[in-house]
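For reference, the chains in residue letters:
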Amino acid sequence: MGSITFHHVYKNYKGEQRPAVSDFHLTIEEGEFLVLVGPSGCGKSTTLRMLAGLEEITKGDLYIDGKFVNYLSPKDRDIAMVFQNYALYPNLSVYENIALGLKLRKTAKHEIELRVNRVAKILEISHLLDRKPSQLSGGQKQRVALGRAIAREPQVFLMDEPLSNLDAKLRAQTRAELIKLQSDLKRTTVYVTHDQVEAMTMGTRIVVMKDGVIQQVAPPRRLYDEPANLFVAGFIGSPQMNFVPGRVIREEGRYYFSGRRFKLPVPERHYGRFEHSERTLRNVVLGVRPEDVYVSRETVGEPAEGWARGQVEMSEVTGADGYVYVKAGDDTVIARTDSEDVYARHEGVVLGFNMNKVHYFDEETGVSLAAGGDRR
Ligand code: ADP
């Protein structure tokens, strides 16, 4: 129970030129924790609200458990939604807030009592049941809002930035609790956030959206290792992936990435991506994550093949790791270092890339020239 299918779904708001959501086409499996992530305005909430029945679908079909639900009212969908602003009733106690949905559904009184107490225990709010929302902290309010959704025991949970009103520490804690809760309850959960860290830690699968259009759907690790395009590559990961513009050239049977300051040998295992001659004629953006960039003090003589000279712009320490920002010509490249390696501003260094880990993107379309790009 709780599978969801979006079949080429569109949303056009009245008077708007561009659709808020375009051709959203996806099946969410039963029990899955699916995260919708993307910058503000990319259509995440609209998608969630169409699923909840709070927003009309302009075009396309929506199915829950194989049943066509486009015209089903929210209360008839077996769904509970948790919002960013808790939406608790101020005059009702915590107990009454959690019980309300069940009361409206004419659940028997003893059953309500049982469920509220069970949920309160899971969320560790049993001692707060007699309080009013105004007597609760932000974190406690959020638990009550979650409790209200859980008590209904719906097939599907929808959550729209439910943690964004909490401070950093409480957010991390509640995030961990939500992950545990979801894996215990095994209910299909669709979770909206603009925070890529939240998406990466919570989702079993992540949908990255931009301008109403799905960019990629993948489990977190694959999104990180095999971003389908420049947008996903830049959006997932912090500090973000380095991008260096250039082209791939062929010299004496070997391929090289040639940028303004870089001439880097392409590993043979990547040759397949460039054997279509037109690809070597196009401009390419090389993508490399900071952990795949090596930086070292400038040595005497010329750096070896594949290395480039640069100058330290700044360095920062974030705890165990440090990051050095190195300017090489017009390109700035961020490299992860040991936090004990301290570099001075303007210090001369050499930069090398782990070429086995680099990504190549078509500059014009932004599409990755990896497997996804090959299949086009
Ligand atoms: P997100 O949740 O990713 O921030 P939304 O789904 O809220 O994005 O919005 C997607 C797009 O639709 C945005 O351009 C937004 O301005 C527009 N939009 C959202 N709600 C409405 C509305 N009620 N009327 C018109 N446009 C809207």
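Residues numbered from 1 in each chain as written. Predicted model: local features only at pLDDT ≥ 70, side-chain atom pairs only at ≥ 80, totals over all residues. Heavy atoms only, no water.

Before going further, it helps to spend a moment on the pairing of strand β1 (residues 4-11). Side-chain positions along a regular strand alternate between the two faces of the sheet. Relative to strand β4 (residues 59-64), β1 runs antiparallel, the two sharing five bridges. Paired with Ile4 across the bridge in β4 is Ile64. As paired elements, β1 and strand β2 (residues 21-28) share five bridges and run antiparallel to each other. When the bridges of β2 are listed, Phe6 appears paired with Leu26. (Pairing = 2+ DSSP bridges. Helix = DSSP H or I, 4+ residues; strand = E, 2+ residues; numbered from the N terminus.)

Domains assigned within the chain are domain 1 (4-234) and domain 2 (240-362). Each of domain 1 and domain 2 has a C-alpha centre, and these two points are 40 Å apart. Across the boundary between the two partners, domain 1 contributes eight residues, which contact eight residues of domain 2. Between domain 1 and domain 2, roughly 690 Å² of surface is buried when both sides are summed, and carbon and sulfur atoms account for 61% of that area. On the domain 1 side of the contact with domain 2, Tyr224, Leu230 and Ala233 bury the most area, a combined 67% of that side's loss. The tally of links between domain 1 and domain 2 comes to two residue pairs in polar contact (both at pLDDT 80 or more). Each residue belonging to the side of domain 1 that touches domain 2 can be placed in one class, and the counts come to five nonpolar, two polar and one charged. (Domains from an automatic or database assignment. Contact = heavy atoms within 4.5 Å. Buried area = accessible area lost by both parts, 1.4 Å probe. Polar contact = N/O pair within 3.5 Å; in protein donor to acceptor, adjacent residues only side chain to side chain. Nonpolar A, V, L, I, M, F, W, Y, C, P; charged D, E, K, R; others polar.)

Taken in spatial order, the four strands make up an open sheet running β2-β1-β4-β5, and their pairing is antiparallel. In this open sheet, the two edge strands, each paired with only one partner strand, are β2 and β5 (67-68). The strands touched by helix α1 (residues 44-52) are β1, β2 and β4; relative to β1, the strand with the most contacts, the crossing angle is about 120°. (Axes fitted to C-alpha atoms, helices over the stretch in contact; angles between N-to-C directions.)

Around the ligand lies a shell formed by Tyr13, Glu16, Ala20, Pro39, Ser40, Gly41, Cys42, Gly43, Lys44, Ser45 and Thr46. One of the side-chain nitrogen or oxygen atoms of Tyr13 is found 3.4 Å away from a nitrogen atom of the ligand. A distance of 2.5 Å is found between an oxygen atom of the ligand and a side-chain nitrogen or oxygen belonging to Thr46. Against a free-state accessible area of 560 Å², the protein chains account for coverage of 60% of the ligand. In terms of residue class, the shell around the ligand is built from four nonpolar, five polar and two charged. (Near = heavy atom within 4 Å. Areas by Shrake-Rupley, 256 points an atom, 1.4 Å probe, with all protein chains shown as cover.)

This part takes up the packing of helix α2 (residues 94-104) against helix α4 (residues 138-151). Relative orientation of the contacting elements α2 and α4 amounts to 30°, with a least axis distance of 8 Å. One finds that α2 runs roughly parallel with respect to α4. Of the two possible hands of crossing, α2 and α4 adopt the one that is right-handed. Of α4, the residues touching α2 (which contributes Val94, Asn97, Ile98 and Leu102) are Val144, Gly147, Arg148 and Ala151. Residue classes in the contact of α2 with α4 are distributed as five nonpolar, two polar and one charged. (Parallel < 35°, antiparallel > 145°, perpendicular 65-115°, else oblique. Left-handed = near helix turned anticlockwise from the far one by under 90°.)

Attention now goes to the nonpolar core. Residues Ile98, Leu178, Tyr191 and Val208 are the most contacted members of the largest nonpolar core, which totals 43 residues. By residue number, the principal contributor to this core is α4, which donates six residues. Tyr255, Leu286, Tyr343 and Tyr360 belong to the second largest nonpolar core, which has 29 residues in total. (Core = buried A, V, L, I, M, F, W, Y, C linked by side-chain atoms within 4.5 Å. Buried < 20%, exposed > 50% of the residue type's maximum accessible area, 1.4 Å probe, protein only.)

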